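Listed below are the residues making up each chain.
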Amino acid sequence: MPTAPADRTPRDCTIADALEVVGDRWSLLVVRELFYAERRFTDIAANTGAPRDILTARLRKLLDCGVIAREQYSARPPRYEYRLTETGRALSPVLLTLKRWGHEHFRKGDDPVRFDHSCGHELVAEVHCRACGDPLVTEPD
């Protein structure tokens, strides 16, 4: 496998910037659980399978980056609920597109979670041009 020249710097990229915040399995699964309306640490831990120390670190990072907020719901002992911020809610198209990709390419059978739009039909994520509305078409190499 060829290596990059020593004087070459990584590409300046907003995808890389986003991956610094949510670019690991546990962070995206935390966001998924909050998107699915799970709010408490124990529920998030159970539904993601994340080890408690890793989950604590990911929650802290997501808090620090403004993706989630926490609210205390019990003083004795101190317990918190987590919620997506506006920044976190803006990840919903990413999650839905990733969900669609995973279902189409790796899952056999019914999708375990279905989202319905307010019109009553299934909501399916699609990337399209903001100007003309045409869907994204990827060209084979």
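The model shown is predicted, which means the values in this text are computed figures rather than measured ones. (Residues numbered from 1 in each chain as written. Predicted model: local features only at pLDDT ≥ 70, side-chain atom pairs only at ≥ 80, totals over all residues. Heavy atoms only, no water.)

When helices and strands are tallied, the chain shows 6 helices and 2 strands. Reading the chain from its N end, one meets helices and strands in the order α-α-α-α-β-β-α-α. Compactness check: the chain gives a C-alpha radius of gyration of 18 Å against a globular reference of 14 Å for 141 residues, more than 25% above the reference. Structurally, the chain occupies a C-alpha span of about 60 × 50 × 35 Å along its principal axes. Looking at the chain residue by residue over its 141 residues, the buried ones come to 21%. Relative to all contacts within the chain whose residues are 6 or more apart in sequence, the contacts with residues 24 or more apart total 42%. Summed over all atoms, the accessible surface of the chain reaches about 10800 Å², with 52% contributed by carbon and sulfur. Of the side-chain charges in the chain, 21 are positive and 22 negative, and the distance between the mean point of each set is 8 Å. (Helix = DSSP H or I, 4+ residues; strand = E, 2+ residues; numbered from the N terminus. Rg over C-alpha atoms; globule rule 2.2 N^0.38 Å. Buried < 20%, exposed > 50% of the residue type's maximum accessible area, 1.4 Å probe, protein only. Contact = heavy atoms within 4.5 Å. Areas by Shrake-Rupley, 256 points an atom, 1.4 Å probe, with all protein chains shown as cover. Lys, Arg positive; Asp, Glu negative; His and termini not counted. Charge placed at Lys NZ, Arg CZ, Asp CG, Glu CD.)

Moving on, we come to the packing of helix α3 (residues 41–48) against helix α4 (residues 52–64). The N-to-C vectors of α3 and α4 enclose an angle of 115°; their axes lie 11 Å apart at closest approach. For α3 against α4, the interelement crossing comes out right-handed. Across from Phe41, Ile44 and Ala45 in α3, the residues of α4 making contact are Arg52, Leu55, Thr56 and Leu59. In terms of residue class, the contact of α3 with α4 is made up of 5 nonpolar, 1 polar and 1 charged. (Axes fitted to C-alpha atoms, helices over the stretch in contact; angles between N-to-C directions. Left-handed = near helix turned anticlockwise from the far one by under 90°. Nonpolar A, V, L, I, M, F, W, Y, C, P; charged D, E, K, R; others polar.)

Moving on to the packing of aromatic side chains. Going through the model one piece at a time under the given rule, you end up with 4 aromatic pairs. Their ring planes at 55° and their centres at 5.4 Å tell us that Phe35 and Phe115 sit as a pair that is tilted. Here Phe35 is found in helix α2 (residues 25–35), whereas its partner Phe115 is found in the segment after α6 (92–105), with 80 residues between them in sequence. Relative accessible area serves as the criterion here: at 28%, Phe35 is assigned to the partly exposed category. For the pair Tyr36 and Phe115, a centre-to-centre distance of 5.7 Å together with 40° between the ring planes defines the contact as tilted. Placement of the pair is Tyr36 in the loop between α2 and α3 and Phe115 in the segment after α6, with a sequence separation of 79 residues. Put simply, the rings of Phe35, Tyr36 and Phe115 pair up and form one aromatic cluster. (Phe/Tyr/Trp six-rings, centres within 6.5 Å; stacked < 30°, edge-to-face > 60°.)

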